[in-house]
Amino acid sequence: QVQLVESGGGLVQPGGSLRLSCAASRSIFALGRMGWYRQAPGNQLELVATITSGGSTNYADSVKGRFTISRDNAKNTVYLQMNSLKPEDTAVYYCNAVTSILGNNYWGQGTQVTVSS
């Protein structure tokens, strides 16, 4: 089993920056893929960014060039650096992990990001 705990959410003004953290209960090196999703009220869960154990990244078009996903294997933590934030980025952000062998899916509890002036 994998437990994921997100942190770093909060209130920020448009154009500001925020860094989210996702701490995993096991080595993220052993996980096939980790990523961030978000959900705004009334919207479906949206892919934000993913990173594989091999370091390959993928971003939603809406955040490309503004957000960066990274990992620190020593700390078992995945980060989402969010720059040039827009009000449209307001959502609950969820950390996700998929195991490489069985493809089991795990989710964190979510952290609120609010971008408002």
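Values in this document were obtained by computation on a predicted structure and should not be read as measured data.

(A) Representation of the packing of aromatic side chains in the model. Using the criterion set out here, one finds one aromatic pair in the structure. Summarising the aromatic geometry, the rings of Tyr37 and Trp107 are spaced 5.1 Å apart at their centres and angled 65° between planes, so their arrangement reads as edge-to-face. With Tyr37 in strand S4 (residues 31-39) and Trp107 in strand S10 (residues 105-107), this residue pair connects regions lying 70 residues apart in the sequence. The class of Trp107 is partly exposed, set by a relative accessible area of 38%.

(B) Representation of the state of the cysteines. What the rule picks out here adds up to one disulfide. Disulfide partner of Cys22: Cys95, at an S-S distance of 1.9 Å. Taking the sign of the torsion about the S-S bond as the criterion, the disulfide between Cys22 and Cys95, at about -85°, is left-handed. Taken together, the residues Cys22 in strand S3 (residues 18-24) and Cys95 in strand S9 (residues 91-99) connect sequence positions 73 residues apart. Across the pair, Cys95 and Cys22 agree in class, each one buried.

(C) Looking closely at unusual backbone geometry. Positioned with a positive phi, Asn76 is a non-glycine residue whose angle comes to about 50°. Mapped onto the elements of the fold, Asn76 is located in the loop between strand S7 (67-72) and strand S8 (77-82). Notably, Ser84 is not glycine yet its phi reads approximately 50°, a positive angle. Relative to the elements of secondary structure, Ser84 occurs in the loop between S8 and S9.

(D) Region of interest: the nonpolar core. Counting 31 residues, the largest nonpolar core has Leu4, Met34, Trp36, Leu80, Met82 and Tyr93 as the members making the most contacts within it. Among the elements of the structure, S3, S4, strand S5 (46-52), S7, S8, S9 and strand S11 (111-115) are those that each provide at least two residues to this core.

The rules behind each value
Residues numbered from 1 in each chain as written. Predicted model: local features only at pLDDT ≥ 70, side-chain atom pairs only at ≥ 80, totals over all residues. Heavy atoms only, no water. Phe/Tyr/Trp six-rings, centres within 6.5 Å; stacked < 30°, edge-to-face > 60°. Helix = DSSP H or I, 4+ residues; strand = E, 2+ residues; numbered from the N terminus. Buried < 20%, exposed > 50% of the residue type's maximum accessible area, 1.4 Å probe, protein only. Disulfide = S-S within 2.5 Å. Core = buried A, V, L, I, M, F, W, Y, C linked by side-chain atoms within 4.5 Å.

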